[in-house]
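Topology and contacts: notes
Listed here are the chains, written in short residue letters.
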Amino acid sequence: MTIATKDLQHLFALIAEDIAKNRDHLCELDGVIGDGDHGLAMDAGCQAAAKAVGELDPTQTAPTPAFNVAAKAFLNAVGASSGPLYATAFMRAGAAATGKQALTDDDFLRAFAAMAKGIQERGKAELGEKTMVDAWRPAADAALDSWRSGAPMAGCFDAALQAARQGCEATSGMTAGKGRASRLGHRAIGHIDPGAASAVIMIAAMAKFAQQHDG
């Protein structure tokens, strides 16, 4: 089974729904070490992306333009730091899918890995700096490792989600190297990074999508 634009419409809807459910929790996390609006920003961006992708004609639109439409909608809705990061992620996913009318499982995993790499490069963040990279990078690495060992796509995303959760939890013990939280120094220790927390929600939605797809 391949993943076509109609499937991506479903994926973006799933992500938007799960981020919306967790919007207030993400704002609470951000209120402790940031400016308290991360949940609002992610909700606005994901809703905008889902709406824009949902309005495409799936019979006329290949995956690459669908990802690019999502990128533009997210960026237009979110001017804050997560806007350019996720816009880059979706653009990189689109670039990984260039020329495809539908994605194989292999293509989709490559797009996922490209998203993580795009976020890391655009944010110029390394592991251990208490950012969303601490969830995204281990998730992408775990997914690709599982794929190379012959796991089905759903298994790869289960591994990605487990790695993302561990990475997110680990941010609690870190001082921040980026953003507003970096001004707090050691006072940021004991609080998980809201960007890593929202990354886990997004990756969990992708894992749910992969399970439905494989099922």
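Residues numbered from 1 in each chain as written. Predicted model: local features only at pLDDT ≥ 70, side-chain atom pairs only at ≥ 80, totals over all residues. Heavy atoms only, no water.

Examining the overall build of the chain
Quick note on the threshold: Secondary structure follows DSSP: runs of H or I at least 4 residues long count as helices, runs of E at least 2 residues long count as strands, and numbering of each begins at the N terminus. The criterion used for residue contact is that any of the two residues' heavy atoms lie within 4.5 Å. Note that accessible areas follow from Shrake-Rupley with a 1.4 Å probe, and for residues the cover is restricted to the protein chains shown.
Along the chain, the regular secondary structure elements total nine helices and zero strands. Taken from N to C terminus, the helices and strands of the chain fall in the order α-α-α-α-α-α-α-α-α. The principal-axis extent of the C-alpha atoms belonging to the chain is close to 50 × 40 × 30 Å. Within the chain, contacts between residues separated by at least 24 positions form 72% of all contacts whose residues are at least 6 apart in sequence. Summed over its atoms, the accessible surface of the chain is roughly 9,300 Å², and 51% of this surface lies on carbon and sulfur atoms.

Describing the pattern of salt bridges
What counts is decided by this rule: Any carboxyl oxygen of Asp or Glu that lies within 4 Å of a side-chain nitrogen of Lys or Arg is treated as forming a salt bridge with it. Exposed residues in this analysis have more than 50% of their type's maximum accessible area, buried residues have under 20%, and partly exposed residues fall in between, with area computed by a 1.4 Å probe over protein chains only.
Within this structure, the stated rule accounts for 13 salt bridges. Here glutamate 17 and lysine 21 are joined by a salt bridge, their closest N and O atoms 3.5 Å apart. Of this pair, glutamate 17 and lysine 21 both sit in helix H1 (residues 5-21), separated by four residues, roughly a single helical turn. With relative accessibility at 60%, the residue lysine 21 sits in the exposed group.

Brief notes about helix H7 (residues 133-148)
This is how the line gets drawn: A helix's residues, less one, multiplied by 1.5 Å, set its expected span.
For H7, which comprises 16 residues, the first-to-last C-alpha distance of 22 Å matches the rise-based estimate of 22 Å (1.5 Å per residue) to within 8%. Turning to H7, its buried residues are Val133, Asp134, Ala135, Trp136, Ala139, Ala140, Ala142, Ala143 and Ser146. The elements touched by buried residues of H7 are helix H5 (82-96), helix H6 (105-123), helix H8 (153-170) and helix H9 (194-214). The first or second residue beyond H7 is glycine 150, which carries a positive phi of 95 degrees.

The values reported here are purely geometric and, on their own, carry no functional implication.
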